[in-house]
Amino acid sequence: MALQVHPDILSLSPYVPGKPIDELQRELGLTRIIKLASNENPLGPSPKAVAALSGAQDLLHRYPDGSAYRLRQAIADRWKVAEGQVILGNGSDEILGLLARTFLIPGDEAIMADHTFVIYKMEVTAVHGKPVVVPLVNWTHDLESMVRAVTPRTRLLFLCNPNNPTGTIVSAEAVDRLMAKVPDDVIVVFDEAYCEYVRTPRFPDAIAYVKQGRNVIVLRTFSKIYGLAGLRIGYGISTVEIIDYLNRVRPPFNANSLAQKAALAALGDDEHVAKSRTVNAAGMEQVENGLRALGVTSIPSETNFLYFDAKQDGRLVFEALLREGIIVRHIDGAMLRVTIGQPDENAAFLQALKKVLDGSR
Ligand SMILES: *Cc1c(COP(=O)(O)O)cnc(C)c1O
């Protein structure tokens, strides 16, 4: 008998992650591969996080603390919320899935931008919700149009701030206007995976809306500036009510024991975060200037990546860069995204891009 698969599932395709270094090494036999594809911290994690893992082998046969008490307490203290307002995920990705499973029934709508983080559409579709896609304007979320797209079926509104892949933010004033208009039965999801990199003071304080009791959730991750992408840990801050509903759906041991230990130590290392910001700011300037020198336009970014226009088939540029041992991300058409790396990695990327573009002119 043929498998019966819902058309919504048939409409999905597997998420294509940034190409792993090993895979490219195997394929091309290159010795040096530079991965600037997944917005990881090129400095790696805090040394304190690494130290916290020593001796962790003794924990491996035990289930983790399912309530992740210490880490949730530390996050709650950090943001001055109650411990019952914090949920952990196996990456903040998992929390996006929990939101869809908890709050959407088939046919419910979830508003999101285009382009934005692709996981929103995937999670909403997987539970037979309806992604309602609102185009970006000037590479930025168009909050006025997003709020106009709200219908009685709307349950979630995703705001990726800063936005992946464009690197742009929406300002505090724009978010205030959104929050004044959005109905209270729509949960606004502030996905702030890159907030620690933001430099403009116009960035909104989304946690303040949680404290006002608004129906919002703020998602943060240890995968980006904290350098722990391989351990899979992220968190959400919301109202006690929303966290309680999410906890009914959350798998009990979704935050593993190593991740809990490392994240707790990483959260306490402000120095490493500050250093990562400084290295990123310098690298951003290096890559922006380098792209400009090549005649390539990039979108001003508040993150650790740059979105740029190759003015030709971006897939071909992506593939040519792979042959140079540089992994970036092809987004769509002529647009690519490159993560800011260490200075030598940035220089190698710029040199390879120059070679690729010269070769195609
Ligand atoms: C990387 C990223 C995440 C977080 O991913 P996890 O590793 O699952 O925590 C969430 N949102 C955006 C926009 C991202 O780029």
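Residues numbered from 1 in each chain as written. Predicted model: local features only at pLDDT ≥ 70, side-chain atom pairs only at ≥ 80, totals over all residues. Heavy atoms only, no water.

S.K.: Just to check I follow, could you spell out the sheet that holds strand S13 (residues 335–339) for this structure?
M.R.: Whether parallel or antiparallel, the strands of a sheet pair through hydrogen bonds between backbone atoms. Read from one edge of the open sheet, four strands run S9-S10-S13-S12, paired in antiparallel fashion. Here the strands that pair on one side only, and so sit at the sheet edges, are strand S9 (297–299) and strand S12 (329–332). Adjacent strand axes in the sheet meet at a mean angle of 35 degrees when their direction is disregarded. As paired strands, S9 and strand S10 (residues 305–309) are joined by three bridges and run antiparallel to one another. Opposite Thr 297, over in S10, you have Asp 309 as the bridge partner. Helix H12 (residues 270–293) rests against S9, S10 and S13 of the sheet, and its axis sits at about 10 degrees to S10. (Pairing = 2+ DSSP bridges. Helix = DSSP H or I, 4+ residues; strand = E, 2+ residues; numbered from the N terminus. Axes fitted to C-alpha atoms, helices over the stretch in contact; angles between N-to-C directions. Contact = heavy atoms within 4.5 Å.)

S.K.: Please clarify how the domain arrangement of the chain should be interpreted in this entry.
M.R.: Where interface size is given, it is often the accessible area lost as the parts come together that is meant. As assigned here, the chain comprises domain 1 (16–45 + 271–360) and domain 2 (47–268). Here the C-alpha centre of domain 2 lies 26 Å away from the C-alpha centre of domain 1. The partner domain 2 presents 26 residues to the 25 residues of domain 1 that form the contact. Counting the contacts that link domain 1 with domain 2 gives zero salt bridges. On inspection of domain 1 and its partner domain 2, the count reaches nine residue pairs in polar contact (both at pLDDT 80 or more). Of all elements in the fold, only H12, S10, S12 and S13 reach the threshold of two or more residues within the side of domain 1 that touches domain 2. Broken down by class, the residue content of the side of domain 1 that touches domain 2 amounts to ten nonpolar, ten polar and five charged. (Domains from an automatic or database assignment. Salt bridge = Lys/Arg side-chain N within 4 Å of Asp/Glu carboxyl O. Polar contact = N/O pair within 3.5 Å; in protein donor to acceptor, adjacent residues only side chain to side chain. Nonpolar A, V, L, I, M, F, W, Y, C, P; charged D, E, K, R; others polar.)

S.K.: What am I meant to see in the pairing of strand S4 (residues 130–135) here?
M.R.: For a regular strand, side-chain orientation follows a simple rule: the groups alternate between the two sheet faces. Where strand S3 (residues 109–114) and S4 come together, six bridges link them in parallel fashion. Bridging across to S4, Asp 114 finds its partner in Pro 135.

S.K.: Any chance you could explain the pattern of salt bridges here in plain terms?
M.R.: Should the charged atoms of two oppositely charged side chains come close, the side chains can pair. Scanning the model with the defined rule gives 16 salt bridges in all. Across the pair Asp 108 and Arg 153 runs a salt bridge, and its minimum N-O distance is 2.9 Å. Here Asp 108 is found in the loop between helix H5 (92–103) and S3, whereas its partner Arg 153 is found in the loop between helix H7 (143–148) and strand S5 (154–160), with 45 residues between them in sequence. Relative accessible area serves as the criterion here: at 5%, Asp 108 is assigned to the buried category. Here Arg 248 makes a salt bridge to Asp 244, at a shortest N to O gap of 2.6 Å. In this pair, Arg 248 and Asp 244 are both assigned in helix H10 (residues 240–249), four residues apart and thus about one turn of the helix distant. What makes Asp 244 partly exposed here is its relative accessible area of 34%. Where salt bridges share partners, they join Glu 144, Arg 177 and Lys 181 into one cluster. (Buried < 20%, exposed > 50% of the residue type's maximum accessible area, 1.4 Å probe, protein only.)

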